[in-house]
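# Topology and contacts: notes
Each chain, written out:
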Amino acid sequence: MNTAERDLRLEMLNSLLTTPHRKLEQVAEIHKLIIELDPLFYGHLAVWYQNHGDVRDHKEVFVAHLLTSNLTEHRDAGFVMLQEFPPYQVARIVDFMKQQQNKMPRSARTAVRRYLKTRESNHNLFDRAALRGRNAMKHLYASLHIKPNERANAILFRDTPPEGSLAYVLKQLAKAESAVKQARLIVEYKIPYTIAIGVIKQLTPVVLVALINSMTPQEVINNLKSLQTRGAMDNPEVKKLIDAKLEEASKSGRVAAFKAQIAADNADFDADTVARLEKVTNEQVKRRGTISRPTALLVDKSGSMESAIEIGKRLAALISGITQAELYVYAFDTIPYPVTANGRELTDWQRAFQHIKAGSSTSIGCALEAMRRKKQVVDQIILVTDEGENATPYFSEVYKNYCRELGVMPNVVIVRVGTYYNWVESQLKQQQAPVETFTFAGDYYSLPNLVPLLTRPSRLDLLMEIMELPLPVRDDK
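Residues numbered from 1 in each chain as written. Predicted model: local features only at pLDDT ≥ 70, side-chain atom pairs only at ≥ 80, totals over all residues. Heavy atoms only, no water.

Moving on, we get to the overall build of the chain. Within the chain, the regular secondary structure consists of 26 helices and 6 strands. A compact globule built from 477 residues would reach a C-alpha radius of gyration of about 23 Å, and the chain, at 25 Å, matches this within 12%. In terms of its C-alpha atoms, the chain occupies a principal-axis envelope of roughly 80 × 55 × 35 Å. For the chain, the proportion of its 477 residues judged to be buried stands at 56%. Within the chain, counting contacts between residues at least 6 apart in sequence, those at least 24 apart form 73% of the total. With the model as given, the accessible surface of the chain reaches about 21,500 Å², and the carbon-plus-sulfur share is 49%. (Helix = DSSP H or I, 4+ residues; strand = E, 2+ residues; numbered from the N terminus. Rg over C-alpha atoms; globule rule 2.2 N^0.38 Å. Buried < 20%, exposed > 50% of the residue type's maximum accessible area, 1.4 Å probe, protein only. Contact = heavy atoms within 4.5 Å. Areas by Shrake-Rupley, 256 points an atom, 1.4 Å probe, with all protein chains shown as cover.)

Right, dumping it as structure tokens:
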């Protein structure tokens with residue numbers, strides 16, 4: 001594997017740390033490059049990310065590129081993977097192919113037609129899709145000139161849903177005058193919260209109980225701020241139901257790891273609710289694997305490194321929750337600051353970092369020098385820094401002494417922040433030390449995407465794991 005190919009794979013894995021927030025063009029270029037230069041790796045990576053990734057934008061771009069690929073195996077895999085998405089994401093994939101790739105192959109149209117016809121043939125599946133993604137479904141039919149069957153046409157385009165359909169029930173819900181009748185309809189037909197609040201004029205405790213009972217744990221997390229605004233957190237019975245859903249979320253395999261933290265950070269919840277949300281995040285991160293190697297996390301606190309400190313405390317919480325080995329955490333400028341927490345939660349690490357302030361010059365090697373003197377042996381070192389080292393001891397020099405005296409050669413993972421340099425990376429490569437870099441250009445909620453990269457013994461192990469995943473195969477040809 002030559003240097004250009006290796007760097008391109010690193011850049012692709014780096015891009016998975018970004019959260020484009022539905023601006024798919026921000027990640028489109030690297031996807032385009034790697035599918036052209038290494039199509040075999042790209043296909044397997046798409047499948048791996050479908051199973052292990054969190055960022056929906058990347059999943060959509062992966063499938064769009066598979067569906068427009070020149071390889072039959074890619075198009076078949078994209079065909080199968082498309083069927084798993086909700087309507088709004090299928091619509092975004094179609095728009096991406098049209099607007100960003102300027103193509104819509106026949107096989108891609110066939111994949112969308114299969115998607116729609118499969119749902120038409122299953123009334124319950126279609127009604128759920130139409131209820132949650134009405135505009136997206138209409139867009140797919142209209143933009144690709146796919147003729148809906150009579151029932152689909154009545155629900156989506158004529159707005160005359162047949163009796164018994166969920167769209168018909170929704171009209172009855174809007175007309176219902178008593179809270180008891182509204183609650184009965186919600187429970188019986190499992191009307192989604194986001195749909196129900198659009199037609200119900202007043203959310204009584206009875207209706208809230210019915211809505212929360214019908215919500216998935218992920219839906220409760222996604223709508224927690226809305227529930228709080230509508231008084232759900234003030235009613236003891238309703239709050240108890242919400243707490244039960246959050247407890248369920250910590251054990252569910254269908255909850256995004258960083259969604260709970262987003263919810264906790266974006267609203268003013270009581271301490272108990274925040275703790276429950278943090279537990280959800282921690283438990284979901286643990287599901288991704290465990291770190292079995294002793295690890296050091298070294299966080300740059302020199303001038304203008306406020307972002308490194310924030311990332312450092314979040315990485316410390318993330319790593320401490322899944323490690324089965326020693327974890328040493330230091331902040332540094334020109335001297336090292338050992339950081340210890342009294343627990344493994346984010347709040348514990350926030351307290352541990354509370355007096356760490358950015359300032360002074362930068363000696364990245366000073367923290368590792370402290371570890372050498374204390375004989376703190378690790379197999380993995382994570383540096384959160386811009387690599388702007390301007391004071392001794394320099395990291396690469398200390399690293400040589402550390403390896404020689406303690407008889408190890410730790411893998412160095414550099415998480416780059418801010419306007420970064422490549423000083424430390426280049427110095428380590430000159431002495432043939434194992435070093436990997438990740439550029440953090442997303443938001444804090446994409447940090448759990450680092451977990452698969454930290455839990456594997458090496459980058460080669462991760463790449464082999466990716467390449468061993470088979471591509472889905474169409475069985476209808």
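What the rule picks out here adds up to 26 salt bridges. Its salt-bridge partner being D127, residue R151 comes within 2.9 Å of it at the nearest N-O pair. With R151 in helix 10 (residues 150–156) and D127 in helix 8 (residues 123–132), this pair connects stretches of sequence that are 24 residues apart. For the pair formed by R151 and D127, the shared burial category is buried. Residues R158 and E150 are paired through a salt bridge, measuring 2.8 Å at the closest nitrogen-oxygen approach. Linked through salt bridges whose partners overlap, the residues forming this network are K239, D243, D272 and R276. (Salt bridge = Lys/Arg side-chain N within 4 Å of Asp/Glu carboxyl O.)

So, on to the pairing of strand 4 (residues 380–385). Counted residue by residue, strand 4 has 6 buried out of 6 residues, so it is predominantly covered. Neither face of strand 4 is open: one carries Q380, I382 and V384, the other I381, L383 and T385, and all of them are buried. Two elements, strand 1 (residues 295–300) and strand 4, share 5 bridges in a ladder whose sense is parallel. The residue bridging T295 from the neighbouring strand is Q380, located in strand 4. Looking at chain direction, strand 4 and strand 5 (residues 411–416) are connected through 6 bridges and run parallel. Bridge pairing in strand 5 places L383 opposite I414. Crossover handedness for the path strand 4 to helix 23 (residues 395–406) to strand 5: right-handed. (Pairing = 2+ DSSP bridges. Right-handed = clockwise from strand over helix to strand, strands pointing away.)

Now for the sheet that holds strand 2 (residues 327–332). Within the open sheet, the 6 strands sit side by side as 3-2-1-4-5-6. Their pairing is mixed. For this open sheet the edge positions go to strand 3 (336–338) and strand 6 (435–439), each flanked by a neighbour on one side alone. Across the sheet, the axes of successive neighbouring strands diverge by a mean angle of 20 degrees, strand direction being ignored. Pairing between strand 1 and strand 2: 6 bridges, direction parallel. From the neighbouring strand, L297 faces strand 2, where its bridge partner is V329. Strand contacts of helix 20 (residues 306–320): strand 1, strand 2, strand 4 and strand 5, with the helix running at about 165 degrees to strand 1, the strand carrying the most contacts. (Axes fitted to C-alpha atoms, helices over the stretch in contact; angles between N-to-C directions.)

The end-to-end C-alpha separation of helix 17 (residues 236–251) is 23 Å, in line with the 22 Å expected for 16 residues at 1.5 Å each. For helix 17, the complete set of buried residues consists of V238, K239, I242, D243, K245, L246, A249 and S250. All buried residues of helix 17 fall inside an arc of 160 degrees around its axis, so they share one side. What points out from helix 17, more than 90 degrees from its buried face, is the exposed set P236, E237, K240 and K251. Elements in contact with the buried residues of helix 17: helix 14 (205–214), helix 15 (217–222), helix 16 (224–229) and helix 19 (271–286). (Expected span 1.5 Å × (residues − 1). Arc of directions from axis to C-beta.)

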